[in-house]
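The primary structure of each chain is shown beneath.
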Amino acid sequence: MIKKVLKKSWSVLDSPLHSYVEQYGDLIFDLCESTLWSPAQAQISFRIILKKIHTQILTQSFSKYERAWILRITASTLIELHREHGERSSAQEQLQLDSESDIQKRLKHFFHYFRRLAVENQILLLLKNKHGLSFSEIAMILETPEGSLKVKHQQSLSILEEWLWKTQ
Amino acid sequence: MENSINCFQFKSHLSDFLSHSADPKILETLHAHLEQCKPCHTHHHHHQTILSLLENQPTSTLPKSLREAPFSAVLPRMTSMPFSVSRWQKIPWYLRVLLECGLIVTGVITLVSSTPKLRELYENHIEKNLKTLEDPTIAFEDLSLQEKEVTQAPENLTQEPMDSGSESTELNGEDESTSSNSNLSGSQLWRFTLKTVSPDELRAEILKVLNKFSPPIKTAGALGVQVPGGIEFNFLLPTDQINDLKKQLHELTQNTAIHQQSIPSGAGSDAFTWYRVHSKKKLPTGKAQVIIWISQPHAGG
């Protein structure tokens, strides 16, 4: 009964938020899970992001850049959460990964190496190469000049290359 | 744009090249450089591998419950690190600091105030243990004793019974009971010092002497405790039996074969000394505390 009422109130009162969830829910959730590495944490962070969007929707206008505005809130929240609570691979785990000489095995554990990147760079690579956003849109999301983003993108790839192929 | 580019120029365009957004005019030169330069070809291949791994990663979808009711759906419980801000963190920082300081101060005050009580409890416990060691039936209130220096032993001991009025003149050891401490309570401490080269043998003889008394003295202190520097007997004895004890101890040191063989020449006068003082200890009426101390004579005699 309570659930029904809540659902009803949600659909009636928060119709713009509802449409955001429908439109960008998967994208936001995937970003949460990819950066925080846990479905449980992703669900909690998704709710936090949604609450932030809900509070900022009344004060901020975004005109046609709706997705960039939502993803900007998502990215800033994820950066904050990752800094406070993000799981980092332990020294032992890193040593174990680095001691592996076979490149194919290293590539199998690619996402363990990916986790070592700065969270901003992780978001950049995910938005650019997993979700196919343009540099200009990512520049709006991360509030960074496009040129800097390209350099960061290139640097991230070089770092990953070094970690994965440094034995050769 | 020239037909050939160097590695640095290639790397500066690599990002666009990989994302297929490079200018068509320079695309040809980038391809040409790739075919010529092996290191750049390897880098390009590595970067493409990384990007394909990223692109092929499966995309997660929002759970149905969260999609339907984002604010009311039951979320998994996070025991280790909840992202939701705790109630404590919601309290303004100045209140939190005040509360934390208050708790620390309260803790310190409690610790400081409880320390003497704890110490008292500990001392009481130690005192109880001491009491059981000396005499389990007697409760001592104060362990501090007023002791005087040991004086030389008497040459002749009388056999008259103990009498509070005349004992200081009868016994030639130092007696404080009739002089400066006459205003103190009636508790007496008798200390006998015996010197021998073999304290263990003398200890056995003293035990024989103590066993002759009736009732026999059976407290832990009456068996003799080995302490640094000698052996100490510590027990309570009826005051009317003290003279007997004194006499027997004197005889023991003067006449027994142990004494004659063990004490070096010239040290005979130090073999047996005694003194008596008043004590603050509350003892049962008619009883006195007796300490017999057996030690070895000094090397110099």
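K.L.:
Give a description of the overall build of chain B that names residues and reports values.
P.N.:
A tally of helices and strands in chain B yields ten helices and six strands. For chain B, buried positions account for 23% of its 301 residues. Pairs at least 24 apart in sequence give 75% of the contacts found in chain B among residues at least 6 apart.

K.L.:
Break down the overall build of chain A for me, with residues and values.
P.N.:
Looking only at helices and strands, chain A features ten helices and zero strands. Beginning at the N terminus, the succession of helices and strands in chain A can be written as α-α-α-α-α-α-α-α-α-α. Burial statistics for chain A: of 168 residues in total, 32% are counted as buried. Once local pairs closer than 6 in sequence are excluded, the contacts in chain A between residues at least 24 apart make up 64%.

K.L.:
Hey, could you go over the pairing of strand β2 (residues 188-195) of chain B for me, with residue numbers and the actual values?
P.N.:
Walk down a regular strand and you will see the side chains alternate between the two sheet faces. All names here are of chain B. Most of β2 is tucked away, with eight of its eight residues classed as buried. Along β2, one buried face is formed by Gln188, Trp190, Phe192 and Leu194 and the opposite face, lined by Leu189, Arg191, Thr193 and Lys195, is buried too. Note that β2 and strand β5 (residues 272-278) share seven bridges and pair antiparallel. Bridged to Leu194 within β5 is Phe272. Two strands pair when backbone bridges link them, and β2 and strand β6 (residues 287-295) are joined in this way by seven bridges, in the parallel orientation. Across the sheet, residue Thr193 finds its bridge partner in β6, namely Trp293.

K.L.:
Residue-level account of the packing of helix α4 (residues 66-85) of chain A against helix α9 (residues 135-142) of chain A, with values.
P.N.:
Residues and elements named next belong to chain A. Two numbers describe how α4 lies on α9: the axes approach to 8 Å, and their chain directions differ by 50°. Taken together, the axis directions place α4 and α9 in an arrangement best described as oblique. Here α4 and α9 pass one another in a crossing that is right-handed. Facing Ala68, Leu71, Arg72 and Ala75 of α4, the residues of α9 in contact are Glu137, Met140, Ile141 and Leu142. The class makeup of the residues in the contact of α4 with α9 is six nonpolar, no polar and two charged.

K.L.:
Give a description of the packing of helix α8 (residues 119-130) of chain A against α9(A) that names residues and reports values.
P.N.:
Residues and elements named next belong to chain A. Orientation of α8 relative to α9, taken along the N-to-C sense of each, is 145°, at an axis distance of 10 Å. For α8 against α9, the interelement crossing comes out right-handed. Residues Glu120, Leu124, Leu127 and Lys128 of α8 form the contact with α9, whose participating residues are Ile138, Ile141 and Leu142. Grouping the amino acids of the contact of α8 with α9 by side-chain chemistry returns five nonpolar, no polar and two charged.

K.L.:
Before we move on, can you summarise the interface of chain A and chain B with the specific residues and values?
P.N.:
With 33 residues of chain A in contact, the opposing surface of chain B contributes 29 residues. Among the elements of the structure, α1 (2-13), α2 (15-36), α3 (39-56), α4, α8 and α10 (146-165) of chain A are those that each provide at least two residues to the side of chain A that touches chain B. Element by element, the count of residues in the side of chain A that touches chain B is highest for α3(A), at nine residues. A breakdown of the residues in the side of chain A that touches chain B according to their chemical character gives 16 nonpolar, eight polar and nine charged.

K.L.:
Talk me through unusual backbone geometry; I want residue IDs and the actual numbers.
P.N.:
Residue and element names in this part refer to chain A. Unlike most non-glycine residues, Trp37 shows phi in positive territory, near 65°. Phi at Glu143 takes a positive value of approximately 50°, unusual for a residue other than glycine. Within the secondary structure, Glu143 sits in the loop between α9 and α10.

K.L.:
So what's going on with the confidence of the model for chain B? Residues and values would help.
P.N.:
Residue and element names in this part refer to chain B. Residues with a pLDDT of 70 or more make up 70% of chain B, whose mean pLDDT is 74. Of all secondary-structure elements in chain B, the lowest mean pLDDT belongs to helix α7 (residues 167-170), at 36, while helix α3 (residues 38-55) reaches the highest, 90. Contacts for the low-pLDDT stretch residues 136-172, under 50 throughout, to residues beyond four places or in other chains number 61 contacts. Note that residues 176-184 has pLDDT below 50 and, in this model, 14 contacts with residues that lie over four places away or in other chains. For this predicted complex, the interface confidence reaches an ipTM of 0.83, while the overall pTM sits at 0.51.

K.L.:
Describe the environment of B:Leu18, with residues and values.
P.N.:
Looking at where B:Leu18 falls in the secondary structure, it is placed in helix α1 (residues 7-18). The contacts of B:Leu18, once residues within four sequence positions are left out, are B:His47, B:Gln48 and B:Leu51.

K.L.:
Tell me about α9(A), and name the residues and values.
P.N.:
Residues and elements named next belong to chain A. Here α9 has its buried residues at Phe135, Ile138, Ile141 and Leu142. All buried residues of α9 lie within an arc of 115° about the axis, which places them on one face of the element. In this structure, the buried residues of α9 make contact with α4, α8 and α10. Glu143 lies just past α9 and shows a positive phi near 50°.

K.L.:
Could you give an account of the nonpolar core, naming the residues involved and the relevant values?
P.N.:
Counting 39 residues, the largest nonpolar core has A:Cys32, A:Phe46 and A:Ile138 as its most contacted members. Residue assignment for this core shows that the elements contributing at least two residues are α2, α3, α4, α7 (110-114), α8, α9 and α10 of chain A together with α3 of chain B. With eight residues, the top contributor of residues to this core is α2(A). Sequence-distant contacts of A:Phe46, that is, excluding residues within four places in its chain, are made with A:Ile28, A:Phe29, A:Cys32 and B:Leu66. In terms of nonpolar packing, the next biggest core, distinct from the first, is built from 26 residues, B:Ile206, B:Phe235, B:Leu236 and B:Ile294 among them.

K.L.:
I'd like a rundown of α3(A), residues and numbers included.
P.N.:
Its 18 residues give α3(A) an end-to-end C-alpha distance of 25 Å, which sits within 8% of 26 Å, the value for a rise of 1.5 Å per residue. Taken residue by residue, α3(A) has A:Gln41, A:Ala42, A:Gln43, A:Ile44, A:Ser45, A:Phe46, A:Ile49, A:Leu50 and A:Ile53 as its buried positions.

K.L.:
Explain the environment of A:Ile123 residue by residue, including any values.
P.N.:
Residue and element names in this part refer to chain A. If you trace the backbone, Ile123 turns up in helix α8. Sequence-wise, Ile123 and Ile138 are 15 residues apart; in three dimensions their C-alpha atoms are separated by 9.3 Å. When near neighbours in sequence (up to four residues on either side) are disregarded, Ile123 contacts Leu31, Thr35, Ala75 and Leu78.

Analysis parameters
- Residues numbered from 1 in each chain as written.
- Chains lettered and ligands numbered in written order.
- Predicted model: local features only at pLDDT ≥ 70, side-chain atom pairs only at ≥ 80, totals over all residues.
- Helix = DSSP H or I, 4+ residues; strand = E, 2+ residues; numbered from the N terminus.
- Buried ≥ 20, exposed ≤ 12 C-beta atoms within 10 Å, placed from the backbone.
- Contact = placed C-beta atoms within 7 Å.
- Pairing = 2+ DSSP bridges.
- Axes fitted to C-alpha atoms, helices over the stretch in contact; angles between N-to-C directions.
- Parallel < 35°, antiparallel > 145°, perpendicular 65-115°, else oblique.
- Left-handed = near helix turned anticlockwise from the far one by under 90°.
- Nonpolar A, V, L, I, M, F, W, Y, C, P; charged D, E, K, R; others polar.
- pLDDT = per-residue confidence, 0-100.
- Arc of directions from axis to C-beta.
- Core = buried A, V, L, I, M, F, W, Y, C linked by C-beta atoms within 7 Å.
- Expected span 1.5 Å × (residues − 1).

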